[in-house]
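Okay, here's what each chain looks like letter by letter:
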Amino acid sequence: MLSVLGGTVNTLIDSAFVSRRLDSDALAAISLNMPLFLILCMVGCLFGVGSFIAASRAIGDKHEDHAKEYFHTAFLLTVIVSAFFIVSGLFFSDQVADVLCRDEDLLDMVEDYCRITLLGALPYILVYIPTYFLQLSGKSKAMTIMMAIMIGTDILLDWLMLYVFDEGIAGAAEASVLSTLFSTIYGLIALQGNGSLFRFSLRHFRFRRIKSILLFGTSSALGSLLDVIRMLVLNMIIYSVGGTAALALWAVINSLLELSLSITAGIPRTAAPMLGIYLGGHDNEGVRGLMGLQMQMGILQSLFFAIMIVVFNKPIGDFFKLEQSVLVPFICLGVSVILETFCSILGSYYNVAKRVFLSNFVMIMRTFLFAIVFAQVMYIRHWLIWLFLPLSMAMTLLVTALITRRMVKKTRGEDHELSSILLLDDYLEKNHKVKGFSITSSTEGICKASEDIIDFCTEHGMDMKMGMRLGLAMEEVMTVMVQKSLEKEEDPVDVRIYSMNDSIGVSIMCSGKPYNLFKEAMDSEDDFNMGVQMIEKLSKDCHYTYTLGMNILTVEF
């Protein structure tokens, strides 16, 4: 979750240093530059999120080579598109600044920040690639280090540029670009370790993968694009309401919103690759469990965030040198963060579930349509402008519930009737063609799993003798996996058995060290590998992958 802040936390740090060192006009200038920054985020999301989701689904479908192709294609696309923004920074930054700012007093500061932001387009866009693919590779420590580099170097460089070299708002922009660059370089290096699925090799670039990357990245990119338009419109409305003082407060609110992304975007993006694997394997129980966990964590963390900003509203306002009271605006912000968490979790889920239209519709309502509509209403009616924050999120949830209810109603009474909200097809579950459970990695837990496999196989038409052989062979496979991967007997192992398309499949998932027992069985003559060899002879498909820090083994008979 913290890694999600990588692309945006610099805005908060820059705002903090600028407000302390300079004045509210400089803070307003950062707010006016936000649309440009969000455009770079849009491109980063388009390639980063798109390749990330496509690669996770490819892994769930047992196509690791396709996952490599998505990574390399997204990387090269990012480099090519970044060159366009860099050229714009060299020759057209003044014109871009004129579009962003109509206040002559702020124009020079906006131009300085704009020029350096465009020249730093490559790290701003590219940072999404290592951020997401380190997660997919299960390298949580590398993600933490990457985040620490970004925050630490940005704080240090902001202090040097503003207090030592006295470069003003341009120094803050330079610090942001350089810290993002250092973090991105480290992230890309961390992906090159031994055994990494995403080591650089130009032969994996494929033009045909661009379509899928754009498809899966559309929702996030569209959200960022709408954020750009929304920021331009809201900047004008808020400036009309309260001038530069209101814009300065809006800059602080945006900084806090960027901080809340670790919750509102961090939770669904962390869950996205596992959702892709579950959905690819038609594991509805896993999907529901993970969605429930996201909702629980979302409530707790967004509520904590809301309480903290309300309780400490005065110290926060004083820190940013805001003269007006921020209590009521922060209450509106806190409520909106809680509601936005639910909207974001649902929007991300629909995107991974290939319901791209619904995902995009939720995104349009949440980030653009209702925000502008309610802000305009508040402005015309002379009501509190900041009410647009919670009202836009509440209306998004209401409309989403109505739309999904209508979709469910259309399938009612059919064999493949959709479930409410998540729109899952529970045909396998209703017909008892799937069974999922968790066990401990102890001998007793493995024996229990073996018995359940035998019972399921025989219940679904397999000969008793064959079922016994398979159950015992899978028992030996699980024993080998936990011995080689896990450190403690208390560590859980997830088992899923399903009957589909005249096949019976068994999926085993456990954390720990990577261990491909099929490869090891080929290179070893140990007795404990006999079960593995038997499984390979009896099955029609065996597949192993290590992703998200977990061993995932699937066998179909």
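The following refers to the structure shown.

### Brief notes about the overall build of the chain
Here comes step 1: Looking only at helices and strands, one finds 21 helices and five strands in the chain.
Here comes step 2: The C-alpha radius of gyration computed for the chain amounts to 26 Å, which stays within 12% of the reference 24 Å derived for 557 residues, consistent with globular compactness.
Here comes step 3: Expressed as a percentage of the 557 residues in the chain, the buried residues total 57%.
Here comes step 4: Counting contacts in the chain only where the partners sit at least 6 residues apart, residues at least 24 apart contribute 75% of the total.
Here comes step 5: Accessible surface, the chain as shown: approximately 24,000 Å² in total, 62% of it carbon and sulfur.
Here comes step 6: Where the 42 positive side-chain charges of the chain centre and where its 55 negative ones centre are 6 Å apart.

### Looking at the packing of helix 14 (residues 327-352) against helix 15 (residues 356-381)
Here comes step 1: At a minimum axis separation of 7 Å, helix 14 and helix 15 run at an interaxial angle of 155°. Judged by the inter-axis angle, helix 14 sits roughly antiparallel to helix 15. As for the relative orientation of helix 14 and helix 15, their crossing is left-handed in sense. Contact with helix 14, carried on its side by Glu-340, Cys-343, Ser-344, Gly-347, Tyr-350 and Asn-351, involves Val-356, Leu-358, Ser-359, Val-362 and Arg-366 of helix 15 and no other residues of that element.
Here comes step 2: The residue makeup of the contact of helix 14 with helix 15, split by class, is five nonpolar, four polar and two charged.

### A look at the packing of aromatic side chains
Here comes step 1: Within this structure, the stated rule accounts for 15 aromatic pairs.
Here comes step 2: Taken together, a centroid distance of 5.0 Å and an interplanar angle of 70° make the contact between Phe-71 and Phe-133 edge-to-face. Within this pair, whereas Phe-71 is found in helix 3 (residues 64-91), its partner Phe-133 is found in helix 7 (residues 128-136), the two being separated by 62 residues in sequence. Each member of the pair, Phe-71 as well as Phe-133, is classed as buried.

### Observations concerning the pattern of salt bridges
Here comes step 1: Enumeration over the complete set of coordinates arrives at 10 salt bridges.
Here comes step 2: With its nearest N and O atoms 2.7 Å apart, the salt bridge here joins Arg-209 to Glu-69. Of this pair, Arg-209 sits in the loop between helix 9 (168-190) and helix 10 (210-264) while Glu-69 sits in helix 3, and the two are 140 residues apart along the sequence.
Here comes step 3: Residue classification places Arg-209 among the buried residues on the basis of a relative accessible area of 11%.

### Notes on a nonpolar patch on the surface
Here comes step 1: On the surface, Leu-327, Val-328, Ile-331, Val-335, Leu-384, Leu-387 and Leu-391 cluster together to form a nonpolar patch covering roughly 480 Å² of accessible area.
Here comes step 2: The greatest single-element share of the nonpolar patch, amounting to four residues, is contributed by helix 14.
Here comes step 3: Here Leu-391 lies in helix 16 (residues 388-411).
Here comes step 4: Judged by relative accessible area, which is 32%, Leu-391 ranks as partly exposed.

Parameters at a glance
Residues numbered from 1 in each chain as written. Predicted model: local features only at pLDDT ≥ 70, side-chain atom pairs only at ≥ 80, totals over all residues. Heavy atoms only, no water. Helix = DSSP H or I, 4+ residues; strand = E, 2+ residues; numbered from the N terminus. Rg over C-alpha atoms; globule rule 2.2 N^0.38 Å. Buried < 20%, exposed > 50% of the residue type's maximum accessible area, 1.4 Å probe, protein only. Contact = heavy atoms within 4.5 Å. Areas by Shrake-Rupley, 256 points an atom, 1.4 Å probe, with all protein chains shown as cover. Lys, Arg positive; Asp, Glu negative; His and termini not counted. Charge placed at Lys NZ, Arg CZ, Asp CG, Glu CD. Axes fitted to C-alpha atoms, helices over the stretch in contact; angles between N-to-C directions. Parallel < 35°, antiparallel > 145°, perpendicular 65-115°, else oblique. Left-handed = near helix turned anticlockwise from the far one by under 90°. Nonpolar A, V, L, I, M, F, W, Y, C, P; charged D, E, K, R; others polar. Phe/Tyr/Trp six-rings, centres within 6.5 Å; stacked < 30°, edge-to-face > 60°. Salt bridge = Lys/Arg side-chain N within 4 Å of Asp/Glu carboxyl O. Patch = residues over 30% accessible without salt bridge, like charges linked within 9 Å, V, L, I, M, F, W, Y side chains within 5 Å.

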